[in-house]
Amino acid sequence: MLEDVLDKAIVVFSEFGYPATSLGKLTAAIGLTEGSIYKAFKDKRALFLAALERYVDLRASRLEQALSGAPTGFEQVRAVLELYVDYSHGAAGRRGCLVVGSAVDLASSDPEIAKRVNLIFKMHEKRLVHCVRQGQEDGSIRADVDAESVARLLVCVLQGMRVLGKTGRSREDMTGPIKQALKLLE
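How each quantity is defined
Along every chain, residues carry numbers that run from 1 in the direction the sequence is written. Per-residue local features of the predicted model are confined to residues with pLDDT of at least 70, and side-chain atom pairs are confined, for both listing and counting, to 80 or more; whole-chain, interface and lining totals are unaffected and use all residues. Remark: hydrogens and water are excluded; side-chain values derive from all non-hydrogen atoms of the structure. Secondary structure elements follow DSSP: runs of H or I of four or more residues count as helices, runs of E of two or more count as strands, with numbering from the N terminus. Our radius of gyration looks at C-alpha atoms and nothing else; its globule reference is 2.2 Å times the residue count to the power 0.38. Contact definition: two residues touch when any of their heavy atoms are within 4.5 Å. Note on areas: Shrake-Rupley with a 1.4 Å probe; residue coverage comes only from the protein chains shown. Lines fitted to C-alpha atoms define the axes, with helix axes restricted to the stretch in contact, and inter-axis angles between N-to-C directions lie between 0 and 180 degrees. Roughly parallel refers to an angle under 35 degrees, roughly antiparallel to one over 145, roughly perpendicular to one between 65 and 115, and oblique to any angle outside these ranges. By the convention adopted, Pro, Cys, Tyr, Trp, Phe, Met, Ile, Leu, Val and Ala count as nonpolar, Lys, Arg, Asp and Glu as charged, and the other residues, Gly among them, as polar. For any pair of crossing helices, the crossing counts as left-handed if the nearer helix is rotated counterclockwise from the farther one by less than a right angle, and right-handed if it is rotated clockwise.

**Overview of the overall build of the protein chain**
- Counting secondary structure elements, the protein chain contains 10 helices and zero strands.
- Relative to the globule expectation of 16 Å for 186 residues, the C-alpha radius of gyration of the protein chain, 18 Å, shows essentially globular dimensions.
- Long-range pairs, those at least 24 residues apart, make up 71% of the contacts in the protein chain between residues at least 6 apart in sequence.
- Put simply, the protein chain shows about 9,400 Å² of open surface, and 55% of that area lies on carbon and sulfur atoms.

**So, the packing of helix 9 (residues 147-165) against helix 10 (residues 171-183)**
- Orientation of helix 9 relative to helix 10, taken along the N-to-C sense of each, is 175 degrees, at an axis distance of 11 Å. When the axes of helix 9 and helix 10 are compared, the pair comes out roughly antiparallel. Between helix 9 and helix 10, the contacting residues are Leu 154, Met 161, Leu 164 and Gly 165 on the first element and Met 174, Ile 178 and Ala 181 on the second.
- For the contact of helix 9 with helix 10, the class distribution of residues is six nonpolar, one polar and no charged.

**Things to note about the packing of helix 4 (residues 44-68) against helix 5 (residues 73-87)**
- Where helix 4 contacts helix 5, the two axes come as close as 9 Å, and the packing angle between them is 135 degrees. Here helix 4 is positioned oblique relative to helix 5, judged by the angle of their axes. Crossing handedness for the pair helix 4 and helix 5: right-handed. For the pair formed by helix 4 and helix 5, the contact residues are Arg 59, Arg 62, Leu 63, Ala 66 and Leu 67 on the first element and Gln 76, Ala 79, Val 80, Leu 83, Asp 86 and Tyr 87 on the second.

Structure, rendered in structure tokens:
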């Protein structure tokens, strides 16, 4: 039940952003009254924080599944990029990314959310550093690549794809950048 409520809240917050998400939009999407939301979450911000945590957990789980089938570091980087292509076009792309939306809408005015978003981006970067280093060890990624710099660049590419996805870009629009990013590693 709680996961279902949070999953529905994720959709609303992702699509409209925190500031434009009214309690009316939330109650219509979730199917709970305002009173029930306040009983369960105290306020809109608490619901948002719980939805953000759920969103990050769901994305991390899906990412781990994608990585588990990738035998080399290069293939792991490719798997991450391809997953973000899936997230960044069509209806999912137009809905948007809750993390990117949080960075844009809230990070400058809410220190707690700014800290959380920064940790999420650092977690992505750390994962990509690991993939690049693994690729260097298994020979699938050039040894002269600076793993930290490339990982940071890839985070920028991935999050930029999520921003472009809000504008209705196609899958094809997203595949070109990942092909170019992968060339940096060959």
